[in-house]
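# Summary of structural features
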Amino acid sequence: MQRTDFSYTLPPELIAQHPLPERGASRLLHLNGASGCITHHSFSAFADFVEPDDLLVFNNTRVIPARLWGRKATGGKIEILVERITGSHTAIAHIRSSKSPRAGSILSLCPGEGEEPGPYSVSVTARDGALFHLSSQGGPPLSEILRETGHMPLPPYIDRADELADRERYQTVYAEREGAVAAPTAGLHFSDALLAQLDQRGVRRVSVTLHVGAGTFQPVRAERIEAVSYTHLT
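Please read all numbers here as calculations on a predicted model, not as lab measurements. (Residues numbered from 1 in each chain as written. Predicted model: local features only at pLDDT ≥ 70, side-chain atom pairs only at ≥ 80, totals over all residues. Heavy atoms only, no water.)

### Concerning the environment of P155
Among the structural elements, P155 can be located in the loop between α1 (142-149) and α2 (166-169). Residue P155 is classed as buried on the basis of its relative accessible area of 4%. If we ignore the near neighbours within four places in the chain, the residues touching P155 are Y170 and F217. (Helix = DSSP H or I, 4+ residues; strand = E, 2+ residues; numbered from the N terminus. Buried < 20%, exposed > 50% of the residue type's maximum accessible area, 1.4 Å probe, protein only. Contact = heavy atoms within 4.5 Å.)

Dropping the structure here:
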């Protein structure tokens, strides 16, 4: 298979920039594998297409406010996207700036894009390819810094700034374990009411934790799809 086999144009006006008020109001396309029949529904009808004793596996990862803005000591602007928290005060991250910061650099964090630095900073301890190792030693834990200064890492096709409501709407209702920098988006359409319907129907549920990394936003670059390999960080 060639990458071009999957190329198509998606008009920007068809990309919703905000979620619907009700999670289950999104659209659901159903393909009957035996007959090939395709029907269209609301996602709230999902329980109609599963049977008692079926098993559904849910990813209970929770998205962290992983996007940060800041400034280098020179005053240059930077954007940080945390890839993974590695310890109470350490993380690996992508950094976008006009010139990559060197090991030992201090990055002052800003509460928002274009704003003046706030009270928090992190240091660059090393670089590993495209990723930078960051530390907040001498300050609060990184999880606390992210809660107070970080922004939700909305997908690049969402052409707007993140909002306070995104801290919950860009999560599944069953999210439990913090660590993802992107939501497992198929799960965003499940509501508490729909989960209750599945339980009443006798559908079994189990959870796994797979923290989704920033690589989920990266385009496929290989010309032959069979040549693509994937690595998951958990």
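### Topic: the pattern of salt bridges
In this structure the tally under the stated criterion is 8 salt bridges. The network of salt bridges with common partners includes R67, E79 and R96. (Salt bridge = Lys/Arg side-chain N within 4 Å of Asp/Glu carboxyl O.)

### Some words on the side chain of R71
Locating R71 in the fold gives a position in strand β5 (residues 67-71). Buried charged residue R71 carries no salt bridge. Nearest counter-charge: E116, at 4.0 Å. Within the local environment of R71, its side chain forms a polar contact with the backbone oxygen of G75, the two atoms lying 3.1 Å apart. Setting aside its immediate chain neighbours within four residues, R71 contacts G76, K77, I78, I106, L107, S108, C110, G114, E115, E116 and P117. (Lys, Arg positive; Asp, Glu negative; His and termini not counted. Polar contact = N/O pair within 3.5 Å; in protein donor to acceptor, adjacent residues only side chain to side chain.)

### Some points on the sheet that holds strand β9 (residues 121-128)
Spatial ordering of the closed barrel is given by β5-β6-β7-β10-β9-β8, a layout of 6 strands whose pairing is antiparallel. When the angles between neighbouring strand axes are averaged without regard to direction, this sheet yields 45 degrees. As paired elements, strand β8 (residues 106-110) and β9 share 3 bridges and run antiparallel to each other. Across the sheet, the residue bridging to S108 is S121, located in β9. (Pairing = 2+ DSSP bridges. Axes fitted to C-alpha atoms, helices over the stretch in contact; angles between N-to-C directions.)

### Points about helix α3 (residues 192-200)
What α3 keeps buried is the set L194, L195 and L198. For α3, the angular spread of buried residues about the axis comes to 100 degrees, placing them on one side. Across from the buried face of α3, at angles greater than 90 degrees, the exposed residues are D192 and Q200. Contact partners of the buried residues in α3: β3 (55-59) and β12 (204-208). The positive-phi residue at the C-terminal boundary of α3 is G202, with phi of around 85 degrees. (Arc of directions from axis to C-beta.)

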